[in-house]
Amino acid sequence: MNDTARVIAFDHLRMTDVESVGGKNASLGEMISQLGGAGIRVPGGFATTASAYREFLAQDGLAARIDARLKVLDVDDVAELARAGKEIRGWVVAAPLPAALERDIATAYAALAAGHPGATFAVRSSATAEDLPDASFAGQQESFLNISGLPNILHAIKEVFASLYNDRAIAYRVHQGFDHADVALSAGVQRMVRSDTGASGVMFTLDTESGFDQVVFITSSYGLGETVVQGAVNPDEFYVWKPNLAAGRPAILRKSVGGKAIKMIYAGEQSAGRSTQTVEVPVAERQRFSLTDAEVEELARFAVKIEQHYQRPMDIEWARDGGDGKLYVLQARPETVRSREGANTLRRYRLKGHAEVLATGRAIGQKIGQGKVRLIKSSSEMERVKAGDVLVTDMTDPDWEPVMKRAGAIVTNRGGRTCHAAIIARELGIPAVVGCGDATELLKDGDDVTVSCAEGDTGHVYRGLLSIEIDDVELDHMPASPTKIMMNVGNPELAFSFQRLPNEGVGLARLEFIINKNVGIHPKALLEFDRQTADVKAEIVPRIASYASPTEYYVAKIAEGVATIAAAFWPKKVIVRLSDFKSNEYLNLIGGPRYEPDEENPMLGFRGASRYLSPDFYDCFALECQAMKRVRDDMGLTNVELMVPFVRTLAEARDVNALLARNGLARGENGLRVVMMCELPSNAVLAERFLEHFDGFSIGSNDMTQLTLGVDRDSGGPIAATFDERDDSVKAMLAMAIAACRKLDRYCGICGQGPSDHPDLAQWLVEQKIESMSLNPDTVVETWLALARGNDAVTA
């Protein structure tokens, strides 16, 4: 490449040209030349060079004036930063482009526009220090969309040059230790993809919250991508499992419909600042996914190919052209937050209590912050935010980066997990809850709140300052455990994080938690949707609008939850307990009151195997089975094993296996193992006979204790203290069950609360030679270490 060139076509650029055209433009050239043959579509264009930018600044002493102004600037003085930035940007826009640069731009633009009548162009920035592995300059400089005509292109290029002196960009360079003079700007002029009539978004080649690198995370909304990047909309979200992409199997683990209330489209004018407009999206379109499953998987394949080419996690912007229907990649840059974190130390935040939930939204990061609410309506009020305050606003502009640094947490009405506010929050290490919808109405200025991003995808804002526990786990210094340590996982949203803990898989994945959180509707109400009242239908319709039928919604959402957990821990065993809702819990689902009996003691009532075998519940159970078959047979996640809860009699044991077989889940087929919850005294007394029907036991110590001692586990009355898993009679039941499994060479684990709560019980279980213990995630490390110490003492 000619070092003195002022303008270079994208297809002549490579990653070796970062110093000349910045990471963004160099990456576009790299993809056009190196990945076009792999089917990745990147719109063509050209870039101005860093030398052209410096030639422009050298005119009439502009560079010297800028340097002098910045030398005396205190970037932590937000008001003074705003004044200096505005003044410098004015100087840049007012200065004429050098004649030679203007001539070269005109030549390149004529070649780009030739043969494309009516085409419009995006003019974007690419800083020469931008998108390098150790820093993220994403979104700090301006982009101008739907630009046409040489005069408008030339003006937009100057606006892009000026944006190197946005308030956020100036402050960021100071905080990251970049010398202002070392950073130059390249303007990229790229043919527009007509996503104004299609869709667009952002994708990452890892999970942005946990760093789990076996998924592609995709966000999507209608119209131009600026609404997603700016956080103006809550987009659709998709998680795609990389191994299934490679294997040609269904690869979408889970997906969720975003609000997508607005979209950005082309306006009539095609000059900088007036070329786009924002309009509302019809309600029916909001309730549908903006991408088909096939499009999601095509994008994910693009992402994997780009990641493989660059040999690092990537952050990619994409668009679907509403005219030709094709998918295009607009930008690709290194992911700069999760990929820089150490892999061997896990910091965990936990709330020690709960309080009233004031607002909820999408959790950014996995930390917990707290402080006083500071409601900010515009940038003019930013001075009100003091160190440690919780910044609450409709939507943060990236210009706010200097003040976001001070916040203890950030809460917004709008935005998704790939918007600028989320990216900046991650980079700064600040917990944020975005897309709350009405946080500015629900939260009061000056009130103390706790902002938790440590409870899954959903972030919560609690009233008051709650107690927080923080611990660091050194994952590469764990001693050997005398038994397999597994985990109890109910919330699929936490699976990617939990898999980092030392573990031998999942001993209990609670299907009822997935149904409650992912579905929220009684299965019978979906099977008999047409018979529901108008009020119940009104609650159901928005949830199922993106699915082919009411029952497909039920099956798909269960499958998504189970597949997410199974993929997170693949290829380790994941034991999924089939639904164990009691009647009072089913009653709380939408449509539930119509179908559930009124029981005095639901704990001993219509639950477990008895429910599955009831003719009234056959069709509901069949939907669960469809979901399990989809995960195991279609997606190939054969690490999923099934567990049947609350089997009262040998007849139920026989009949429930026959029912599973009729629904395509025959024990032994496609490697399927079916275990039984051993949680009733009858199960322990007749253990060997129950094991004729199952591949092993998973002991449920909670129910076994309450039924052995005759103490309601949920009771807080005067005999509550009698409930103790360590009672000799309970241990006798456990010992019988373990001995039977050992005699018959069947699996035997425990998934109840006991070992998590009582280290001495855990040690006793090791002595009984139990095969595995499945623990609550927050006790895995402590119990693991305690058992290892106990084993050392025994063998010493």
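One structure accompanies this document, and this report is about it. (Residues numbered from 1 in each chain as written. Predicted model: local features only at pLDDT ≥ 70, side-chain atom pairs only at ≥ 80, totals over all residues. Heavy atoms only, no water.)

### A few points about the sheet that holds strand 2 (residues 45-48)
Taken in spatial order, the 5 strands line up as 1-2-5-3-4 in an open sheet, and their pairing is antiparallel. Each of the sheet's edge strands pairs with one partner strand only, and the pair in question is strand 1 (7-9) and strand 4 (143-147). Looking at each pair of strands side by side, their axes are set apart by 20° on average, direction ignored. Relative to strand 5 (residues 185-191), strand 2 runs antiparallel, the two sharing 3 bridges. The residue of strand 5 that forms the bridge with G45 is Q190. Most of the contacts of helix 1 (residues 18-34) go to strand 3 (residues 121-127), to which it runs at about 130°, and overall it touches strand 2, strand 3 and strand 5. Where helix 5 (residues 99-113) meets the sheet, it contacts strand 1, strand 2, strand 3 and strand 5, and its direction lies at approximately 170° from that of strand 2. (Pairing = 2+ DSSP bridges. Helix = DSSP H or I, 4+ residues; strand = E, 2+ residues; numbered from the N terminus. Axes fitted to C-alpha atoms, helices over the stretch in contact; angles between N-to-C directions. Contact = heavy atoms within 4.5 Å.)

### Examining the sheet that holds strand 27 (residues 674-678)
With respect to topology, 8 strands assemble into a closed barrel ordered 23-24-25-26-27-28-29-30, the strand pairing being parallel. The average undirected angle you get between the axes of adjacent strands in this sheet is 30°. Inspection of the sheet shows strand 29 (residues 747-750) paired to strand 30 (residues 772-775) by 2 bridges, in the parallel sense. Residue G749 lies in a different strand from strand 30, and its bridge partner there is S772.

### Some remarks on helix 11 (residues 293-310)
Taking 1.5 Å per residue as the helical rise, helix 11 with its 18 residues ought to reach 26 Å, and the 26 Å between its terminal C-alpha atoms agrees with that figure. Backbone geometry just after helix 11 places Q311 at a positive phi near 60°. (Expected span 1.5 Å × (residues − 1).)

### Some thoughts on the packing of helix 1 against helix 11
In the contact formed by helix 1 and helix 11, the axes pass within 12 Å of each other and the chain directions differ by 105°. Taken as axis vectors, helix 1 and helix 11 run roughly perpendicular relative to one another. Each of S27, E30, M31 and Q34 in helix 1 lies in contact with helix 11, whose residues at this interface are I306, H309 and Y310. Looking at side-chain class alone, the contact of helix 1 with helix 11 contains 3 nonpolar, 3 polar and 1 charged residues. (Parallel < 35°, antiparallel > 145°, perpendicular 65-115°, else oblique. Nonpolar A, V, L, I, M, F, W, Y, C, P; charged D, E, K, R; others polar.)

### Focus: the layout of surface pockets
Empty space within the second largest pocket amounts to approximately 900 Å³. If you trace the second largest pocket, you find 31 residues lining it, with K255, S256, V257, R362 and K557 closest to the centre. Looking at the lining of the second largest pocket residue by residue, the classes come out as 9 nonpolar, 11 polar and 11 charged. (1 Å grid on protein atoms, 1.4 Å probe; cavity = no way out; pocket = protein on both sides within 12 Å on 5 of 7 lines; lining within 4 Å. Points joined across faces, edges and corners; volume = space filled by probe spheres on them.)

### Side note on the environment of P43
Examined against the element boundaries, P43 turns out to sit in the loop between helix 1 and strand 2. When its relative accessible area of 2% is taken as the criterion, P43 is described as buried. Once the C-alpha coordinates of P43 and A568 are considered, the two residues, 525 residues apart in sequence, prove to be 35 Å apart. Residue contacts for P43: discarding those within four places in its chain leaves F10, I32, Q190, R191, V193, Y328, V329 and L330. (Buried < 20%, exposed > 50% of the residue type's maximum accessible area, 1.4 Å probe, protein only.)

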